[in-house]
Amino acid sequence: MFEDKERKKILQVHHVKKYFPMDRGKQLKAVDDVTFHVYKGETFGLVGESGCGKSTIGRTIMGLYNKTAGEVIFKGRDVHALTEREKHAFYREMQMIFQDPYASLNPRLTVREIISEPMEVHRLFPNKRKQNARVDELLEEVGLNRDHANRYPHEFSGGQRQRIGIARALALDPEFIIADEPISALDVSVQAQVVNLLKTLQTEKGLTFLFIAHDLSMVKHISDRIGVMYLGHLVELTESDTLYDDPLHPYTKALLSAIPIPDPDIEEKRERIILKGELPSPIDPPSGCVFRTRCPVAMDICARKTPTWQEAKPDHFVACHLYNENGPKVNIQGHNKVEV
Amino acid sequence: MNKDEPILKVNNLHVTFSTYGGTVQAVRGVDFHLNKGETLAIVGESGCGKSVTSNAIMRLIPDPPGKITAGNIYFKGVDLTKLSEKKMRAIRGVDISMIFQDPMTALNPTLTIGTQLTEGLRQHQKVSKEKAIEKAIDIMEVVGIPNPKERLKQYPHQFSGGMRQRIVIAMALICEPELLIADEPTTALDVTIQAQILELFETIQKATGVSIILITHDLGVVAKIADRIAVMYAGKIIETGNNRDIFYQPQHPYTKGLLNSVPRLDLAGEKLEPIEGTPPDLFSPPKGCPFAARCPYVMEVCNKVFPVQTEYTDSHHVNCWLQDERAKSLLATIANE
């Protein structure tokens, strides 16, 4: 395959596995053989339902979890092979925004202390005066003001706290930010504020985002490309509009059709694919394709063989036996786009 | 009772909570009605008073610190606010049932599903144990729980989140209530499970004709299942109308703002327009329109007096000074200039 010269891959995730040990020698396969890459300057969205492994992937990329197998390559270097000193430098380039703005800020520190902490750890400034000036600047960048610096987290609303979390992530001027469900704890009108802020910051600073969330409408809104996860596996990956216009994997189709659209006329006409049953346990996942127990078009082969991760169309990856070269062509009804 | 009369009528409801920091005016004069067999969605963001309103209908406001300080709640002509706790207990779970948000905490972990399902039936309708179990099995089939006979003997932890929510729904339905209040029934669930549960609501309503109040912040869910919508903000209902009135002809700037701040899966490249600012503090709510501080069209009057209700159409009511004739004529003049 040709390397796209225009788009530089800043992050490559190669066959990464993360298993957690359980009782009686069993393993919870939170992430099982996931491969994707993120281009510099883009927003890559990772979606899936609870327990699909999307947060584990984020944490494994950050090096917060040790991988079980595979490689995480950030700017040409294996993140999990870094020495302590190299790791220190690595964290200047990659930062994280967490889900719960109530739990991710230390309640005993003032906003200034929270935002200064990473700068102190990395000794960015020769003196306090310069550091404080930078804190003020960051607060303004995220839509707060410098008077907020001496207050404590409990004095802020959820949306404002998330802005503080963003300011902290920006403190080291990173290139890459992993945002793990950054808006799901916020009210709808506030979600849009934070998403717009992230977009503005991206354009201004040329940031690359890995945006992890369960809300596909919001992920589609913010992302350039999207990976869909199910039970530890990446099942489909493509550009966000293509994912909606031409989904390939049966799970993606079901997921898209399950999301209600705030428009009564469209809702009335939409056909839903209602998935039967519930998510199997990641401790004892189904053989072959993990989705086959709920798949409306499962075939014999799905139980026997794990589908390979393949580029079914240009820049459109899928793991499903339906799209094997000699696989059967089955049409799945539902998720019809409704023309109004 | 007249047949066309609404099954539920709430007039001028006020609920307050006394706290260490002062009195929170959680619900500040709410009026709405619910017709027989329809689904009314009460929409709003956290802290707007939507859950307090539904708890007040069930008389589940803990007193102290909470108190219904004014207003009436007429259920089939009877004012629930005037009933004794004993009489209220005979209505709760029998005529009016409630489904709570979190299926993980709504069930008792130490009792079997069978015991919890039949408890209400045995309490209220004095049926025999055998009869109650029979009915529990029937209702479990209705809500789509496979192998109901065996599963009756199991405990909540042996069920998944979606299945637990089905049990909670079965519990709410077993005494065949006329009114079902569902407080964020799918918020804790994944979307594919949410789709299953929403479909279940529609099936049940078709089969039993139960009237539903749905409390939610998810506009997509509302578009799918609501007949009518009431939008709440800072303890007040600021706009009500039929489903399509609210989605296609929103009149209140807050309703418009809410609709513009959610991304739509079916649209590409749309711009999100968030509502700047945050809702007011309900310890000392503003005297005028509570949305005034965030409203892009704010006028002087908005800060002084809460807007009177205007009828945009017969079915569509708004509390906003922009709907006032004087504001309208002024806007028309500006537009002409």
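Presented here is an overview of the structure given in this document. Fair warning: this is a prediction, and the values are worked out from it, not measured in the lab.

**Here we look at the overall build of chain A**
Along its length, chain A carries 11 helices and 12 strands. Over its C-alpha atoms chain A spans a radius of gyration of 21 Å, differing by no more than 12% from the 20 Å that the globule rule assigns to 340 residues. Seen along its three principal axes, the alpha-carbon backbone of chain A occupies a region of about 65 × 50 × 45 Å. Relative to its 340 residues, chain A shows a buried fraction of 54%. In chain A, 63% of the contacts between residues at least 6 apart in sequence involve partners at least 24 apart.

**Digging into unusual backbone geometry**
Between Asp63(B) and the following residue, Pro64(B), the backbone shows a cis peptide bond with an omega angle of -10 degrees. Inspection of the secondary structure puts Pro64(B) in the loop between helix H1 (50-57) and strand S4 (66-75). Geometrically, the link from Pro64(B) to Pro65(B) is a cis peptide bond, its omega value of 5 degrees lying close to zero. Relative to the elements of secondary structure, Pro65(B) occurs in the loop between H1 and S4. Its identity is not glycine, yet Glu181(A) carries a phi of approximately 50 degrees, on the positive side. When its relative accessible area of 7% is taken as the criterion, Glu181(A) is described as buried. The backbone of Asn147(B) shows a phi angle near 45 degrees, a positive value even though the residue is not glycine.

**What to know about the interface of chain B and chain A**
In this complex, chain B contributes 40 residues to the contact, which on the side of chain A involves 40 residues. Surface buried jointly by chain B and chain A totals about 3600 Å² across both partners, of which 58% is contributed by carbon and sulfur atoms. Summed over the shared surface of chain B and chain A, the number is three salt bridges. Along the contact surface separating chain B from chain A lie 17 residue pairs in polar contact (both at pLDDT 80 or more). Mapped by element, the contributors of at least two residues to the side of chain B that touches chain A are helix H6 (161-173), helix H7 (191-208), helix H8 (219-225) and helix H9 (243-248) of chain B. Sort the elements by how many residues they give to the side of chain B that touches chain A and H7(B) lands first, with seven residues. Grouping the amino acids of the side of chain B that touches chain A by side-chain chemistry returns 18 nonpolar, 12 polar and 10 charged.

**Considerations on the side chain of His148(A)**
All names here are of chain A. Tracing the sequence through the fold places His-148 in the loop between helix H4 (128-141) and helix H5 (158-170). Since its relative accessible area comes to 10%, His-148 is described here as buried. In this structure His-148 touches Val-111 and Phe-156, once residues within four positions along its chain are discounted.

**Re the sheet that holds strand S4 (residues 69-74) of chain A**
All names here are of chain A. As summarised here, the arrangement of the four strands in space is S2-S1-S4-S5, forming an open sheet in which the pairing is antiparallel. At either end of the open sheet lies a strand with only one pairing partner, and these are strand S2 (27-39) and strand S5 (77-78). Pairing of strand S1 (residues 9-21) with S2, which is carried by nine bridges, proceeds in the antiparallel orientation. Counted as the bridge partner of Phe-20 is Leu-28 from S2.

Reading guide: rules and limits
- Residues numbered from 1 in each chain as written.
- Chains lettered and ligands numbered in written order.
- Predicted model: local features only at pLDDT ≥ 70, side-chain atom pairs only at ≥ 80, totals over all residues.
- Heavy atoms only, no water.
- Helix = DSSP H or I, 4+ residues; strand = E, 2+ residues; numbered from the N terminus.
- Rg over C-alpha atoms; globule rule 2.2 N^0.38 Å.
- Buried < 20%, exposed > 50% of the residue type's maximum accessible area, 1.4 Å probe, protein only.
- Contact = heavy atoms within 4.5 Å.
- Buried area = accessible area lost by both parts, 1.4 Å probe.
- Salt bridge = Lys/Arg side-chain N within 4 Å of Asp/Glu carboxyl O.
- Polar contact = N/O pair within 3.5 Å; in protein donor to acceptor, adjacent residues only side chain to side chain.
- Nonpolar A, V, L, I, M, F, W, Y, C, P; charged D, E, K, R; others polar.
- Pairing = 2+ DSSP bridges.

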